[in-house]
Amino acid sequence: MTSKGKNTQTRNTKHMNYKIFFLIAALASTITFSSTAQERIPVTLDDHRLTANILAPSIQYEYKLNDNQSVTARFGIDFGTDYSYETDFFEDDYETTLNPFLETTFRNYYGRKRVKKELNNNSGNYIGAIAGYQFDHIVGDELRSTQAFYSGAIWGIQRNYKSGIHLGLYLGLGFATGPNFDLTGTGLGGLQLGFVLK
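This text gives an overview of the structure that appears in the document. What you are looking at is a predicted structure, and each value in this text was computed from that prediction instead of being measured. (Residues numbered from 1 in each chain as written. Predicted model: local features only at pLDDT ≥ 70, side-chain atom pairs only at ≥ 80, totals over all residues. Heavy atoms only, no water.)

**Points about the packing of aromatic side chains**
- The full count for this structure, using the stated rule, is two aromatic pairs.
- Relative to Y126, the ring of Y109 has its centre 5.5 Å away and its plane inclined at 65 degrees; by these criteria the two rings are edge-to-face. Of this pair, Y109 sits in strand β4 (residues 91-110) while Y126 sits in strand β5 (residues 124-134), and the two are 17 residues apart along the sequence. Side by side, Y109 and Y126 carry an identical accessibility label, which is buried.
- Between Y133 and F135, the ring centres sit 4.9 Å apart and the planes meet at 80 degrees, which makes this aromatic pair edge-to-face. (Phe/Tyr/Trp six-rings, centres within 6.5 Å; stacked < 30°, edge-to-face > 60°. Helix = DSSP H or I, 4+ residues; strand = E, 2+ residues; numbered from the N terminus. Buried < 20%, exposed > 50% of the residue type's maximum accessible area, 1.4 Å probe, protein only.)

Here is the structure:
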C-alpha cells in the first residue's frame, strides 16, 4: 500500500472512531436521562468534600457548583504496565510502572434509587466529562516516556457511607495522546475505595 493510501486509511479510521464515540455517548445520555423519570432521591452535595483512595493512592477534592453539579480534582500515583516491542530482536517486553497523575472531572448528578443503607452527602450517579495527565513514571525504564493526556465522556457512581467509607467508579470513552503514540480512541475507567477525610 502506498504512503498516500495509508494516510487515507488512517483518516478514515479516525473519522469512524469519532462517529462511534459520539453515537455511544448520545445513546448513553438518552438512557440516563430516561431513567431519571422514575422516582429517585435527589442528590445532596456538600460545598467541599475531601476523600482518600487506597487502591490507586490519591487524594480527591470535590467542589460544589450548584445543587447537582460539581468539579473534582485528584492527584496520586497509579500502577501501570509499559509494553514495548523490539522489531529487531522480535522480543516483547512488559514492565510494571508507577505513574503520578493529575485528573479533573465535571459531574452532573442525577437522582439515585433509595437504598436500605443510609448514605452521606455527595452520594449519587452522574454523567460528566474527564481530563487528565499522566506524568513520566517514577519507577520503570528511564528511556521510555509514559506521559499521556486523556479526556472524554464518563458515567459514574459515588457512595459515601456513614461509616466513612468512600466508593467510586466511572466508565467512559475518550481520546488519549502522548510522546510515544498519536491521538487515539480509548476506554476510560477508574475504581476508588477509600475514606472520607472531610
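There's plenty left to go through after this.
**Some words on the side chain of T51**
- Within the secondary structure layout, T51 lies in strand β1 (residues 48-53).
- Apart from the residues lying within four places of it in its own chain, the contact partners of T51 are S58, I59, Q60, N160, H166, F195, V196 and L197. (Contact = heavy atoms within 4.5 Å.)

**Let's talk about the pattern of salt bridges**
- A complete count under the given rule lists three salt bridges for this structure.
- Notably, a salt bridge pairs R49 with D46, separated by 2.4 Å at the nearest N-O pair.
- Given a relative accessible area of 22%, D46 falls into the partly exposed group.
- Two residues, R107 and E62, come together in a salt bridge whose shortest N-O distance is 3.9 Å. Separated by 45 residues along the polypeptide, R107 in strand β4 and E62 in strand β2 (residues 58-64) bring together distant segments of the chain. (Salt bridge = Lys/Arg side-chain N within 4 Å of Asp/Glu carboxyl O.)

**Structural notes on the pairing of strand β8 (residues 181-196)**
- Where β1 and β8 come together, three bridges link them in antiparallel fashion. The residue of β8 that forms the bridge with A52 is F195.
- Pairing of strand β7 (residues 165-178) with β8, which is carried by 13 bridges, proceeds in the antiparallel orientation. What sits directly across from G168, in β8, is Q192.
- The antiparallel hairpin formed by β7 and β8 contains two residues in its connecting segment. (Pairing = 2+ DSSP bridges.)

**So, the pairing of strand β6 (residues 148-160)**
- Direction of pairing for β5 relative to β6: antiparallel, over a ladder of 11 bridges. Of the residues in β6, the one forming a bridge with G128 is I154.
- As paired elements, β6 and β7 share 12 bridges and run antiparallel to each other. The partner of F149 across the bridge, within β7, is T177.
- The turn joining β6 and β7, which pair antiparallel and follow one another in sequence, is formed by four residues; a positive phi near 100 degrees is taken by G164.

**Let's talk about the nonpolar core**
- Within the largest apolar cluster, 10 residues are counted, these being V43, L45, Y109, Y126, I130, Y150, I154, Y170, A176 and L188.
- For this core, the secondary-structure elements that each account for two or more residues are β5, β6 and β7.
- With near-sequence residues (within four places) excluded, L188 lies in contact with I130, Y150, S151, G152, I154, Y170, L171, G172, L173 and G174. (Core = buried A, V, L, I, M, F, W, Y, C linked by side-chain atoms within 4.5 Å.)

**Some remarks on the environment of A131**
- Turning to its location among the elements, A131 is positioned in strand β5.
- Separated by 58 residues in the primary sequence, A131 and A73 place their C-alpha atoms 9.9 Å from one another.
- Excluding anything up to four places from it in sequence, A131 contacts L102, E103, T104, F149, Y150 and S151.

**Brief notes about the environment of L193**
- Following the sequence through the fold, L193 ends up in strand β8.
- Taking C-alpha positions, L193 is 7.5 Å from I165, a pair spaced 28 residues apart along the chain.
- Dropping the residues within four chain positions of it, L193 is found in contact with A52, N53, I54, L55, I165, H166 and L167.

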